[in-house]
Structure formats: C-alpha cells, structure tokens
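Tertiary structure, described
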Amino acid sequence: MTEASEHDGATPERDAQTTERGGGGTAERRPGAGRAAAPAPPRVRLVDVAREAGLSKTTVSAALNGTGRLSPEVRERARETARRMGYRPNATARQLRAGRARLIGYVVGELADTPWTFLESPYFARLTGATAATALARGYAVVLLPAGSLQSEWAALPLDAVVVADPVADDRIVEDLLAARIPVFSDRSVEGRPGAHWVDVDADAAVRETLDHLHAQGARRPVLVVPDSTTRFHRAVDAAHQAWCAAHGLPERTVRAAEPGNGPVIQAVETALGAGPDRPDALLVVAEASPPLVLDAARRHGYAVPGDLLVVCVSEDETALHTQPPVTTLSLRPDAVAEAGIAHLVAVLEQGLRETGGALVPVRLEVRGSSVREG
C-alpha cells in the first residue's frame with residue numbers, strides 16, 4: 001500500500017476503476033465517475049464514551065440517565081465526555097425498549113382559522129415555550145401541529161400523547177385523538193372522558209377577585225371586553241361576570257372582540273369606552289391586547305387612568321410594567337400550567353396513572369397603578 005492510499009483512501013481496485021487501457025493508451029474517465037459515496041463516520045457508542053472517560057459502561061449509562069448512586073464529579077465527567085464526543089442514545093432502541101417514541105403533539109385549538117398566529121400571543125408563546133422546555137427536561141420532544149389538523153396529517157406520527165390548548169366547543173381534533181386511543185391533555189372541557197386529562201385555571205375565582213378589587217377601588221360601572229370565543233375559559237369568564245354583577249346589583253356590560261389580535265381587540269375597547277353618556281369607570285380586558293395600546297385608546301377617548309378609569313388586562317405582556325401608569329395584569333400563569341400538565345402527562349405515560357382527573361392552577365392578580373386610586 002502506498003503512502004497516498006493510506007491518507008487519501010486510494011486502493012488498487014479504485015485505481016483500476018478510474019483508468020481504462022485500450023489501444024496502447026490510457027483514457028481518463030470523468031472526475032468522480034464510478035466513485036462510491038464516502039462512508040458516514042461511525043456512530044459513537046456508549047462503550048466508546050466509557051473507555052474515553054475511564055469508567056464502566058454501567059456507570060456511564062447511569063450518569064446519562066440520571067440514575068444510580070454516583071458522585072457529582074463522576075456524573076459530570078461521564079456527561080461531559082459524552083457531550084464532547086457527540087454521543088447520542090440510539091432512539092430506535094429506546095423506543096422499542098420503552099414502547100414509546102417520546103413525542104408529544106401540541107396544538108392550540110382556539111385559532112383553527114389562523115393556525116400559527118398563536119405564537120404572536122404572549123400567553124400562547126409562553127405556554128408553548130414552557131411546555132416544550134418542561135417536556136424536554138423529562139425526555140420528551142414536542143411536535144407542533146397546526147390548529148384544525150386533520151387525522152390524515154398526524155395519524156402516521158408516533159405520538160405518545162397530544163396537548164390541546166384551549167379547544168373550542170366540539171373540537172374535532174379532540175374527538176379524533178380519543179378515537180385513535182391517543183391520550184389527550186387539555187383544559188377542563190374534557191373532564192370525565194376516557195383517555196382525556198386536564199389542567200386548567202380557576203376562571204371563576206379570577207373574575208371575582210379582579211372585579212372585587214375594582215369594586216373596592218370605587219368602580220360601579222365596570223365593562224368587560226372578551227373575545228367572541230367558545231373556549232371553556234371564555235365561557236366561564238362570561239358566567240362569572242354575569243353572576244358577580246347580579247350579586248352586586250350592577251348592570252352587566254360586555255363588549256366582544258370579533259377576532260383575536262391587537263386591531264380587533266382595541267376596536268372593541270374603543271366601543272366599550274365610547275358607549276353613551278353613562279361611561280364606564282373600570283375596564284377588564286380579557287381579550288388579549290397590548291397594554292400600552294389599551295391605555296392609548298382610553299386617552300383618545302378622554303379618560304385619565306386611573307382617575308377616570310381603572311384598567312386591568314389579562315396579559316403576560318411585559319410591556320405592562322413599563323407604561324405610565326403601569327398596568328394591572330391578571331396572569332393565567334402559563335409556566336405553572338405547563339409544568340402541571342407535563343407532570344400529569346408523565347405520570348400517565350410512565351407510572352400507569354389511569355385516573356382521568358386534573359388540576360386547577362391559581363391565577364395571579366398583579367395590582368399596579370392603573371387600577372389603584374389615590375386615597
């Protein structure tokens with residue numbers, strides 16, 4: 001073997017393929033003709049990591065799986081060696097051994113007509129990111145499915161479960177998933193259905209706490225701005241608002257935003273603020289909109305906030321902290337919802353939990369200057 005064949009990968013057989021002799025001469029073939037594709041580099045095995053780290057294969061396996069009674073130094077040495085060498089577990093073998101692909105579908109049911117616009121919503125962006133991060137920490141990857149997905153689009157995917165965030169009434173994807181025996185994790189609208197599990201926020205308590213706060217600040221003509229939606233959360237908000245107004249002997253004032261998004265919601269806010277001589281003295285905006293835009297709309301209609309108008313927004317938008325005055329927000333705590341949901345999902349898939357119960361996550365009212373009157 002020549003020096004060139006050792007370093008360039010040439011062999012006598014390869015040389016014979018790249019030249020043709022005939023008629024006393026040598027005819028060169030086209031460059032690259034007849035060459036086989038370069039072989040892929042060998043996959044790094046667990047035994048290779050163990051040898052490099054100076055540990056046993058069993059120790060390295062325990063370190064990477066987070067099991068075993070290992071010192072922090074040994075666990076870190078195994079993990080760092082695996083990372084440096086580019087080791088990845090054999091996903092196919094893992095799937096066969098565990099009987100799961102470790103893939104979770106994720107779909108936002110509320111926005112079926114505009115499948116990906118939910119990522120423009122601070123709430124759904126936070127919920128989606130927290131769901132993906134929490135699932136990944138438990139060894140599962142999230143597959144984003146567009147709202148309104150048909151069964152033919154996901155039926156071939158090896159999904160272990162699907163998270164359906166805020167399904168609309170009679171959501172077809174929920175029905176199709178349950179019919180396919182795929183566990184569904186959603187809000188309380190699926191309570192009691194075989195194969196369905198839920199995590200939700202206490203909408204009734206959230207509305208009562210917020211309206212009680214506004215009432216304590218002197219509000220007697222509050223107006224509610226909600227989306228024209230059939231999700232369980234928004235129907236629960238409507239019912240809680242109606243019950244609160246009746247209990248306090250106050251008129252029920254509600255304005256609905258025709259579509260999601262800042263434009264339609266701010267239009268609904270302006271409708272609420274410009275309604276006749278008996279103008280509202282408090283505004284609860286449940287339809288998601290930018291808090292600075294809500295304040296701008298109030299000022300365009302001649303309101304001073306909080307002097308003339310108290311303002312609360314259901315929002316995860318960080319800009320609420322930086323307005324003048326800062327806007328009071330009702331947080332639905334998407335991070336906590338995601339953590340509770342994934343914990344329940346893992347208990348079902350890995351611990352055999354068969355009960356179809358769920359959990360209520362408390363909301364958080366962040367009181368700021370827009371809803372507090374001096375004195």
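Use the structure listed above.
Predicted model only: the values in this text are computed from it and were never measured. (Residues numbered from 1 in each chain as written. Predicted model: local features only at pLDDT ≥ 70, side-chain atom pairs only at ≥ 80, totals over all residues. Heavy atoms only, no water.)

To continue, consider the overall build of the protein. Secondary structure assignment for the protein yields 14 helices and 14 strands. Out of the 375 residues in the protein, the part that is buried amounts to 42%. Counting only carbon and sulfur atoms, one obtains 51% of the accessible surface of the protein, whose full area is about 19900 Å². (Helix = DSSP H or I, 4+ residues; strand = E, 2+ residues; numbered from the N terminus. Buried < 20%, exposed > 50% of the residue type's maximum accessible area, 1.4 Å probe, protein only. Areas by Shrake-Rupley, 256 points an atom, 1.4 Å probe, with all protein chains shown as cover.)

Right, let's talk about the sheet that holds strand 14 (residues 364–366) for a bit. Read from one edge of the open sheet, six strands run 9-8-10-11-12-14, paired in mixed fashion. Each edge of the sheet is formed by a strand with only one pairing partner; in this case those strands are strand 9 (254–257) and strand 14. Recorded for the sheet is a direction-independent mean angle of 15° between the axes of neighbouring strands. Summarising the sheet, strand 8 (residues 222–227) and strand 9 pair through four bridges and their orientation is parallel. Its bridge partner being in strand 9, P227 is matched across the sheet by A257. (Pairing = 2+ DSSP bridges. Axes fitted to C-alpha atoms, helices over the stretch in contact; angles between N-to-C directions.)

In this section: the side chain of S315. With respect to the helices and strands, S315 occurs in the loop between strand 11 (310–314) and strand 12 (328–331). S315 sits in the buried class, given a relative accessible area of 4%. A distance of 2.9 Å separates the side chain of S315 from the backbone nitrogen of D317, its partner in a polar contact. The residues contacting S315, other than those within four sequence positions of it, are A289, P291, T329, L330 and S331. (Polar contact = N/O pair within 3.5 Å; in protein donor to acceptor, adjacent residues only side chain to side chain. Contact = heavy atoms within 4.5 Å.)

The subject of this paragraph is the nonpolar core. Counting 49 residues, the largest nonpolar core has L127, V237 and V286 as the members making the most contacts within it. Examining the composition of this core, we find that eight residues originate from one element, helix 14 (residues 334–351), more than from any other. When sequence neighbours within four positions are dropped, the list of residues in contact with V286 reads L224, V225, V226, P227, F233, H234, V237 and V314. Formed by 25 residues, the second largest nonpolar core is a distinct cluster that contains V223, I266, A287 and C313. (Core = buried A, V, L, I, M, F, W, Y, C linked by side-chain atoms within 4.5 Å.)

Direction vectors running N to C along helix 4 (residues 57–65) and helix 5 (residues 72–85) enclose 90°, while the axes themselves pass 9 Å from each other. Between helix 4 and helix 5, the interaxial angle falls into the category roughly perpendicular. Between helix 4 and helix 5, the contacting residues are T59, V60, A62, A63 and L64 on the first element and V74, R75, A78, R79 and A82 on the second. (Parallel < 35°, antiparallel > 145°, perpendicular 65-115°, else oblique.)

Here we take up the sheet that holds strand 7 (residues 196–201). Strand order in this open sheet of six strands is 4-3-5-6-7-13, and the pairing throughout is parallel. Two strands bound the open sheet, and with one partner strand each, they are strand 4 (141–144) and strand 13 (358–361). Strand-to-strand twist across the sheet, computed as the mean angle between neighbouring axes with direction ignored, equals 20°. One ladder, built from three bridges, connects strand 6 (residues 184–186) with strand 7; its direction is parallel.

Let us now look at helix 11 (residues 232–248). Taking 1.5 Å per residue as the helical rise, helix 11 with its 17 residues ought to reach 24 Å, and the 24 Å between its terminal C-alpha atoms agrees with that figure. Along helix 11, the positions that sit buried rather than exposed are F233, H234, V237, D238, A240, H241, W244 and C245. At its buried positions, helix 11 is contacted by strand 7, helix 10 (203–216), strand 8 and strand 9. Following helix 11 by one or two positions, G249 has its phi on the positive side, about 65°. (Expected span 1.5 Å × (residues − 1).)

Mapping S371 onto the fold places it in the segment after strand 14. Looking at S371, its side chain comes within polar contact range of the side chain of T328, at 2.7 Å. Discounting residues that sit within four places of it in the chain, S371 has contacts with H213, L214, Q217, L310, V311, V312 and T328.

What follows concerns the pattern of salt bridges. Scanning all chains against the criterion turns up 16 salt bridges. Residue R188 is joined to E191 by a salt bridge in which the shortest nitrogen-to-oxygen separation is 2.9 Å. Salt-bridge contacts for D200 lead to R232; the nearest nitrogen and oxygen are separated by 3.2 Å. Separated by 32 residues along the polypeptide, D200 in strand 7 and R232 in helix 11 bring together distant segments of the chain. Assessed through its relative accessible area of 7%, D200 is described here as buried. Through salt bridges with shared partners, a single ionic network connects R45, D48 and R51. (Salt bridge = Lys/Arg side-chain N within 4 Å of Asp/Glu carboxyl O.)

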